[in-house]
Amino acid sequence: MGKSKKSVKKNKLTRRGFIGASASASTLLASRSITAKQKNSQQSTEIPAPSTEQLQRDVGNVRPPSVPERAAKRPGSDLMVQTLRDLDIEFVASNPASSFEGLQESIINYGNSPNKSPELITALHEESAVDMAHGYAKCEGKPMAVMLHGTVGVQHASMAIYQAYHDQTPIIILVGRDNTFFRQEQTANDIAGIVRAFTKWDAQPKNLEEALANIQQAYNEAMTPPRGPTLVILDTEIQKEEAGDMSLPIYTPPKISSISNSQAMKIAEKLANSNNPRINVGRLRTPNGVKSVVTLAELSGASVRTSATNVNMSFPERHPQCGPGKSDDYDFVLGLEMDGKHTSIKSPNLLSNAHNRDLNEIGFGFIRKPVTPPRRNLSGENDIVADAEESIPIITQNLKHKLNTSKQKKIEKRIIEHTNKNREIYLNNLKTTVDSKRKGWNGSPVSLGRLYSELWRYIKDEDWCLSSPTVFSSRHHVGLWDHNKPYSYLGMHGAGGIGYCIGASAGAGLAARDRKRIVVNIQCDGDLNYAPGSLWTAAHHKLPLLTVMHNNRGYHQEVMYLHYMAGVRGRGTDRMHIGTTLREPFINYAKMAEAYGVESEGPIDDPEKLAAAFKRGIAAVKEGRPYLIDIITEPR
Amino acid sequence: MNALYTKTQKRFLISIFVVLYGMFPYLSAADSDTNGVKVYLEQGCYSCHGYNGTGRYPLANDVSGIMFDENIFLAFLRQRADISPTSASNRMPNYSVEVLNDEDAKDVYRYIKTFIDKPPEIDDIPALKEIIDNAQRSTSND
């Protein structure tokens, strides 16, 4: 045994021993080499003349050994990234795949400021990636990009694409296509065909030059009403090919249809000559559109009806002219992306795009005729199909020419009357609204009225965005919160597809992150379980996202539907929890968030604990740390 | 040997237990043994009226006309729509005597009558008082 131990010790290679052994080995090799050379020189009878190579080396003219050239010194995907950069695309969301590694490598490595504008955002599901782009576009009025993988990635993303299309939201979708890959089921001749019926436009370029032009066109098509997601299929070869000295195609911004100058002149005349004009504002395209309509309202002295509690990009809710105004005897009502009694300017709807997209005549509900029955008897005479946002500045210009001093004085007087009346109405309504929130104030589970009221206290002084649809939490923000920004409330899902909220909220978080804004997501429990991975994206990319769980432990709408059905059939009304509730076991969302790296607390069923939790949550998100508060709530 | 309960009865009792177990966080010990609360939860009344009668369609404080008396309440339960709707509906369901007998319905009625909502006044709720105060301040400063 003793011998064995000694032997082990002797052979043990310590750090010092390793260095020593290495040195000895080097010395041995060197000495052997010298010995061999000496032997060789001894064998030669005369010294050979230097070769050409030796002479070149001696005068310093040395060439390194030849190695295979890189596949591309200026890969095509670098130019694709530059194209996206020039289009001011801030983010590209993707779940990694084997058909766009060329493009992904360029996003994260190309240029002097790699991985910035666009920045690569890691999504844990393709549907989440598209939802993020959906939420982002609703905040900023412009697209971000998404990368999807072949047939399977596109299919994962398809429901989210469908919703974004129905919601007329611009998104640029870049689909990697590897036609030589061994997984033939992940490629197809026409991948875009999978989602063609619910995308605005697509292209499958044959070469790099075409690909770059197609990306530009994808942007333009996405941004031109009716807006929507667009696709460019990018073959792997095109991403990786050598671009050489190819330059980017010259970019021409989209031409968006507006009303004609003569139409604008007529509208301006009506606004100038009316005693009590009114403007109904729906959902415009961009924050600039919101600014334009404020200018028009202030110039015309019209009272304004807003849609800011239903959709993004509408008129600021607490603007002094927003409200019914001095009286409801409106003698001229102009609708901007909304019905107006006398004249409406509305963008073309999705039906106008269906004839060249729904080639298999699937006939999705929202593109079948009639699309949506008009809410009023449209004469058609004064209704104009054109983009309202593009038309507003032309109306404003014409109106300026029609206002003399006496008219301006009348308008100033009218604005004061509107302001006073709107204040009076607002304060009266507010008292009623606030009083209604007292209902069940101290009850447990937490009342949704209290949830929204307490939360408002902590966000009202911030630049905030309410990113989630609120129909399932009874819309308590309406009348209580002030929706004054283009992104104050982002509206509904698009097509009612569940699983949208956390992804869209992460997208809103991307828009907010570098703009000192915070995002509030009143998150339904059922919805979160579809694709909770966006919580991780929020943590990883440091998004200022506060998620407040409306945890009623069930798919509550369906509880009610099923109940009604059983009542009609006169049986089993006590079995409605089957298939509609999330019990046994309850889901712990605070722990779920924690697992994804999001700070969290809860479940909270004591309403007295809300205020402190919200305070902590807001403090965290202001520092770029997403936060989740799990609250056990009343069903509605 | 006669079993105390039939197989069907056992299954029924187990299912009641399972449902009540799920509802456990919302039940106080005192209420759990009343038939009214059991039926209120089993029949899903909570889904629209809230666990405390303060939901979207409140019942607390006798605000609903149907709670005027027991007979009106029963008549209301029995006379709901019984025609199969084309589209899903979240309206008040019909409760025929087959799914909810008179005794259980009366127990629910008595339980609902116990719902009292006495929230603090606005002046005593800082979150709400602030909203009113801020609005008045901002409009008077304009």
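Residues numbered from 1 in each chain as written. Chains lettered and ligands numbered in written order. Predicted model: local features only at pLDDT ≥ 70, side-chain atom pairs only at ≥ 80, totals over all residues. Heavy atoms only, no water.

Caption draft 1: A look at the overall build of chain A. Across its full length, chain A carries 21 helices and 16 strands. Here chain A, with 636 residues, has 53% of them falling under the buried criterion. Sequence-distant contacts, at least 24 apart, represent 80% of the contacts inside chain A between residues at least 6 apart. (Helix = DSSP H or I, 4+ residues; strand = E, 2+ residues; numbered from the N terminus. Buried < 20%, exposed > 50% of the residue type's maximum accessible area, 1.4 Å probe, protein only. Contact = heavy atoms within 4.5 Å.)

Caption draft 2: Inspection of the domain arrangement of chain A at higher detail. Residue and element names in this part refer to chain A. Under the domain assignment, chain A is made up of domain 1 (72-240), domain 2 (261-358 + 376-430) and domain 3 (438-632). A straight line from the C-alpha centre of domain 1 to that of domain 3 covers 30 Å. Across the boundary between the two partners, domain 1 contributes 24 residues, which contact 31 residues of domain 3. Here domain 1 and domain 3 share an interface that buries about 2,100 Å² over both sides, 57% of which is from carbon and sulfur atoms. The largest per-residue losses of area from domain 1 upon contact with domain 3 belong to Lys-138, Cys-139 and Gln-163, which jointly make up 26% of the total buried on that side. Its salt-bridge partner being Glu-140, residue Arg-515 comes within 3.5 Å of it at the nearest N-O pair. Here domain 1 and domain 3 share 12 residue pairs in polar contact (both at pLDDT 80 or more) between them. Mapped onto the side of domain 1 that touches domain 3, the elements with two or more residues apiece are strand E2 (119-122), helix H6 (126-140) and helix H7 (150-166). Take the side of domain 1 that touches domain 3: its biggest share by element is 10 residues, from H6. Of the residues that constitute the side of domain 1 that touches domain 3, the class distribution is 11 nonpolar, six polar and seven charged. (Domains from an automatic or database assignment. Buried area = accessible area lost by both parts, 1.4 Å probe. Salt bridge = Lys/Arg side-chain N within 4 Å of Asp/Glu carboxyl O. Polar contact = N/O pair within 3.5 Å; in protein donor to acceptor, adjacent residues only side chain to side chain. Nonpolar A, V, L, I, M, F, W, Y, C, P; charged D, E, K, R; others polar.)

Caption draft 3: The packing of aromatic side chains, seen in detail. Applying the stated rule across the entire model yields 17 aromatic pairs over all chains. Taking 5.6 Å as the distance between ring centres and 55° as the angle between the ring planes, the aromatic pair formed by A:Tyr452 and A:Trp481 counts as tilted. Of the two residues, A:Tyr452 sits in helix H15 (residues 448-459) while A:Trp481 sits in the loop between strand E12 (464-466) and helix H16 (501-513), which places them 29 residues apart along the sequence. Residue A:Tyr452 shares its accessibility class with A:Trp481, and that shared class is buried. Their ring planes at 70° and their centres at 5.3 Å tell us that B:Tyr40 and B:Phe115 sit as a pair that is edge-to-face. Here B:Tyr40, found in helix H3 (residues 35-42), pairs with B:Phe115, found in the loop between helix H6 (102-113) and helix H7 (126-141); they are 75 residues apart in sequence, far enough to count as distant. Overall, B:Tyr40 belongs to the buried group, its relative accessible area being 0%. Through a chain of ring-to-ring contacts, three or more aromatic side chains come together here, namely A:Tyr162, A:Tyr165, A:Phe198, A:Phe364 and A:Phe366. The residue whose ring lies beneath A:Arg517 is A:Tyr487, and the NZ or CZ to ring-centre distance is 3.6 Å. Directly above the ring of A:Phe586 sits A:Arg553, whose terminal nitrogen or CZ lies 3.6 Å from the centroid. (Phe/Tyr/Trp six-rings, centres within 6.5 Å; stacked < 30°, edge-to-face > 60°. Lys NZ or Arg CZ within 6 Å of the ring centre and 35° of its normal.)

Caption draft 4: Molecular detail of the sheet that holds strand E11 (residues 383-385) of chain A. Residues and elements named next belong to chain A. Reading across from one edge, E8-E7-E9-E10-E11 is the order of the five strands in this open sheet, with parallel pairing throughout. Edge positions in the open sheet fall to strand E8 (303-305) and E11, since each of these has one partner strand only. Neighbour to neighbour, the strand axes of the sheet diverge by 15° on average, direction disregarded. Strand direction decides the pairing type here: strand E9 (residues 332-336) and strand E10 (residues 343-346), joined by three bridges, are parallel. What sits directly across from Gly-335, in E10, is Ser-344. Its contacts with the sheet place helix H11 (residues 287-300) against strand E7 (277-281), E8 and E9, and it is angled at close to 170° to E7. (Pairing = 2+ DSSP bridges. Axes fitted to C-alpha atoms, helices over the stretch in contact; angles between N-to-C directions.)

Caption draft 5: Structural detail: the interface of chain B and chain A. Between chain B and chain A, the contact holds 53 residues from the first and 47 residues from the second. Regarding the contact of chain B and chain A, the summed buried area is about 4,400 Å², with carbon and sulfur atoms giving 60% of it. Counting the contacts that link chain B with chain A gives two salt bridges. Here B:Glu130 and A:Arg457 are joined by a salt bridge, their closest N and O atoms 2.9 Å apart. In this assembly, chain B and chain A are joined by 14 residue pairs in polar contact (both at pLDDT 80 or more). Considered class by class, the residues forming the side of chain B that touches chain A number 28 nonpolar, 16 polar and nine charged.

Caption draft 6: Representation of the UniProt feature "domain: Thiamine pyrophosphate enzyme TPP-binding" (unreviewed entry) in chain A in the model. UniProt annotation of "domain: Thiamine pyrophosphate enzyme TPP-binding" (unreviewed entry) refers to residues 481-631 of chain A when read in the numbering used here. Within residues 481-631 of chain A, the helical portion is 38% and the strand portion 17%, while the C-alpha atoms at the span's ends are 20 Å from each other. (UniProt positions renumbered as here; feature names shortened; annotations may be inferred.)

Caption draft 7: Layout of the UniProt feature "domain: Thiamine pyrophosphate enzyme N-terminal TPP-binding" (unreviewed entry) in chain A. When the UniProt feature table is mapped to this numbering, "domain: Thiamine pyrophosphate enzyme N-terminal TPP-binding" (unreviewed entry) covers residues 76-180 of chain A. Annotation note: span residues 76-180 of chain A, helix share 50%, strand share 19%, distance between end C-alpha atoms 18 Å.

Caption draft 8: Highlighting the sheet that holds strand E4 (residues 171-177) of chain A. Residues and elements named next belong to chain A. Strand order in the open sheet formed by six strands is E2-E1-E3-E4-E6-E5, with parallel pairing between adjacent strands. Looking along the sheet, the strands with just one partner apiece sit at the ends: E2 and strand E5 (201-203). For this sheet, the mean angle separating the axes of adjacent strands, direction not counted, is 25°. Pairing between strand E1 (residues 91-94) and E2: four bridges, direction parallel. Bridge pairing links Val-92 to Leu-120 in E2.

Caption draft 9: Region of the structure containing helix H13 (residues 388-402) of chain A. All names here are of chain A. The first and last C-alpha atoms of H13 sit 21 Å apart over 15 residues, in line with the 21 Å expected at 1.5 Å per residue. All buried positions along H13 are accounted for by Ala-388, Glu-389, Ser-391, Ile-392, Ile-395, Thr-396, Asn-398 and Leu-399. On its buried face, H13 is in contact with helix H10 (261-273), H11, E9 and E10. (Expected span 1.5 Å × (residues − 1).)

Caption draft 10: Examining the nonpolar core more closely. Residue and element names in this part refer to chain A. Met-144, Leu-148, Ile-161, Val-175 and Phe-198 are the most contacted members of the largest nonpolar core, which has 58 residues in total. Looking at this core element by element, the count peaks at seven residues for H7. Both domains that furnish three or more residues to this core are identified here as domain 1 (72-240) and domain 3 (438-632). Filtering out sequence-adjacent residues up to four positions away, Ile-161 remains in contact with Val-130, Leu-148, Ile-173, Val-195, Phe-198, Thr-199 and Pro-229. (Core = buried A, V, L, I, M, F, W, Y, C linked by side-chain atoms within 4.5 Å.)

Caption draft 11: Representation of the confidence of the model for chain B in the model. Residue and element names in this part refer to chain B. For chain B, the average pLDDT comes to 80, and 73% of its residues sit at 70 or higher. Note that pLDDT drops below 50 for residues 17-21; the model gives that stretch five contacts with residues more than four away or on any other chain. Residue range residues 24-33 is modelled with pLDDT below 50. Its contacts to residues more than four positions away, or to other chains, number 12 contacts. (pLDDT = per-residue confidence, 0-100.)

Caption draft 12: Structural detail: the confidence of the model for chain A. Scored by pLDDT, chain A has a mean of 91; 88% of the residues are at 70 or more. In this model, residues 1-44 of chain A is a region of pLDDT below 50 whose contacts with residues beyond four sequence positions or in other chains number one contact.

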